[in-house]
Amino acid sequence: MKIFVYSYRDFDEAAFFTKFAKESGVELGICRDDPDMDNAALAKGYPYISILTTKIDAELVQRFYDLGVRMISTRTVGYDHIDLAKARELGMHVGNATYSPHCVADYTVMLMLMCIRKMKRIMQRAELNDFSLPGIQGRELRNFTVGVIGTGKIGETVIKNLSGFGCEICAHDLYEKESVRAYAKYAPLEEIYEKCDLISLHMPLTKDNYHMIDEEAIRRMREGTVLVNTARGGLVDTRALINGIKSGKIAAAGLDVIENEFGMYYFDRKSDILDKEELAILRSFPNVIVTPHMAFYTDESVSDMVKHSIQSCCLEEAGKENPWKIF
């Protein structure tokens, strides 16, 4: 069988693609660029394509379908970058990939600690040989009440990690899990907002939770709340967050994802003028840490993403049950 791979990365994915394609008997087509209308024709003759977090809009979905592509496999957990409605309309299948939850969970706890210990300020001062103490006194995580919204594999792992710090943990999810109850108490969103000192987001982006952290949600939060987002940027209304930081309602934020990040992250843009005013504002705050969607990025996760994307396409080709198939 044949799979065409877009956004193919030589420096980290190539060895895994070579290994797993050989093991599965797959012929790969390769394009190092992101898919677009100009290079879509390269996938002609390939029933399956593998992509990353590139925007695949309705026009591009249609183009791939016309070229004979019958499944889009994204090498990511999230799939909100694909126009799912168009794919369903055409009968085109969509699949994602999974990886160990520990990579994002570890990174999340790191951001929590960096926020409450004011690590951004400490590191900025140290670069200037400013070793003074005023303004960088931190807090201890054991004294926090932490709210984890979303208790899937990653959220649950975050909760298990947090349990070792001795903090009180509240959780919220549409689908509650008994395994989580050993470490946390489930609570409604209103209670999470009003009770928790630190809130961490761990859910996919849908039309129902878009901008769930908005002006009203922030208004309900405790004064001096810490917000961490390693899920999807669209969960947070960026302008509302900026206003919350300015007012002091949000004491600190750790953001591995932001709104409108497509076409920016994973590229060298140091010589470019970025049309990202809100990003510039967030980065200017001494109490906000912004990282470029890196929480997933470990050796194990890259291997898993490549392997599962290939396996998903192979299972679809064989007509077998596919755990990564969205529809």
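Each value, and the rule that gives it
Residues numbered from 1 in each chain as written. Predicted model: local features only at pLDDT ≥ 70, side-chain atom pairs only at ≥ 80, totals over all residues. Heavy atoms only, no water. Helix = DSSP H or I, 4+ residues; strand = E, 2+ residues; numbered from the N terminus. Rg over C-alpha atoms; globule rule 2.2 N^0.38 Å. Buried < 20%, exposed > 50% of the residue type's maximum accessible area, 1.4 Å probe, protein only. Contact = heavy atoms within 4.5 Å. Areas by Shrake-Rupley, 256 points an atom, 1.4 Å probe, with all protein chains shown as cover. Lys, Arg positive; Asp, Glu negative; His and termini not counted. Charge placed at Lys NZ, Arg CZ, Asp CG, Glu CD. UniProt positions renumbered as here; feature names shortened; annotations may be inferred. 1 Å grid on protein atoms, 1.4 Å probe; cavity = no way out; pocket = protein on both sides within 12 Å on 5 of 7 lines; lining within 4 Å. Points joined across faces, edges and corners; volume = space filled by probe spheres on them. Nonpolar A, V, L, I, M, F, W, Y, C, P; charged D, E, K, R; others polar. Core = buried A, V, L, I, M, F, W, Y, C linked by side-chain atoms within 4.5 Å.

## What about the overall build of the protein?
- Secondary structure summary: the protein contains 12 helices and 12 strands in total.
- For 327 residues, the compact-globule estimate of 2.2 N^0.38 gives 20 Å, and the protein sits close to it at 21 Å.
- With the principal axes as the frame, the protein shows a C-alpha extent of 65 × 50 × 35 Å.
- The proportion of buried residues among the 327 residues of the protein is 51%.
- Restricting the contact set of the protein to residue pairs at least 6 apart, pairs at least 24 apart contribute 67%.
- When the accessible surface of the protein is split by element, carbon and sulfur atoms take 51% of a total near 15,800 Å².
- For the protein, the centre of its 40 positive side-chain charges and the centre of its 48 negative side-chain charges are spaced 2 Å apart.

## Here's the deal with the UniProt feature "domain: D-isomer specific 2-hydroxyacid dehydrogenase catalytic" (unreviewed entry) in the protein
- Per the UniProt annotation, the sites labelled "domain: D-isomer specific 2-hydroxyacid dehydrogenase catalytic" (unreviewed entry) are residues 19-320.
- Across residues 19-320, the secondary structure splits into 37% helix and 15% strand, with the terminal C-alpha atoms separated by 22 Å.

## Considering empty space enclosed by the protein
- Across all of its chains, the model carries 1 cavity of 30 Å³ or more by this definition.
- For the largest cavity, the full set of lining residues is N229, G233, V236, T238, L241, L255, V257, I258, E259 and L282.
- In the lining of the largest cavity, the residues fall into 6 nonpolar, 3 polar and 1 charged.

## Observations regarding the UniProt feature "domain: D-isomer specific 2-hydroxyacid dehydrogenase NAD-binding" (unreviewed entry) in the protein
- Per the UniProt record, "domain: D-isomer specific 2-hydroxyacid dehydrogenase NAD-binding" (unreviewed entry) is annotated on residues 109-295.
- Annotated as 34% helix and 16% strand, the span residues 109-295 places its first and last C-alpha atoms 11 Å apart.

## A word on the side chain of S100
- Looking at the element boundaries, S100 is found in the loop between strand 5 (93-95) and helix 4 (102-116).
- On the basis of relative accessible area, S100 is assigned to the buried category, the value being 18%.
- If sequence neighbours within four positions are ignored, S100 has contacts with E300 and D304.

## Here's the deal with the nonpolar core
- In terms of nonpolar packing, the biggest core is built from 33 residues, with I149, Y193, I199, L201, I213, L241 and L282 touching the most fellow members.
- Broken down by secondary-structure element, the contributors of at least two residues to this core are helix 8 (189-195), strand 9 (198-201), helix 9 (215-220), helix 10 (238-247), strand 11 (250-255) and helix 11 (277-284).
- The element best represented in this core is helix 10, accounting for 4 residues.
- Not counting residues up to four positions away in its chain, the partners in contact with Y193 are I149, I199, M212, I213, A217, R220, M221 and R222.
- The next biggest cluster of nonpolar side chains, apart from the first, holds 32 residues, and it includes L52, Y99, Y107 and I159.

## With respect to the layout of surface pockets
- A volume near 1,200 Å³ is recorded for the largest pocket.
- Along its surface, the largest pocket is lined by 43 residues, and V77, G152, H202, M203 and P204 are the ones closest to its centre.
- Considering each element in turn, the lining of the largest pocket owes the most residues, 3 residues, to helix 6 (residues 153-163).
- Each residue belonging to the lining of the largest pocket can be placed in one class, and the counts come to 20 nonpolar, 15 polar and 8 charged.
- If you go around the second largest pocket, you meet 38 residues; those closest to its centre are T53, T54, H81, E261 and F262.
- A breakdown of the residues in the lining of the second largest pocket according to their chemical character gives 17 nonpolar, 10 polar and 11 charged.

## Focus on the environment of A97
- The topology assignment puts A97 in the loop between strand 5 and helix 4.
- Remark: the alpha-carbon pair of A97 and V226, spanning 129 residues in sequence, is separated by 30 Å.
- The residues touching A97, leaving out its near neighbours within four places in the chain, are T74, R75, T76, V77, M305, H308, S309 and W324.

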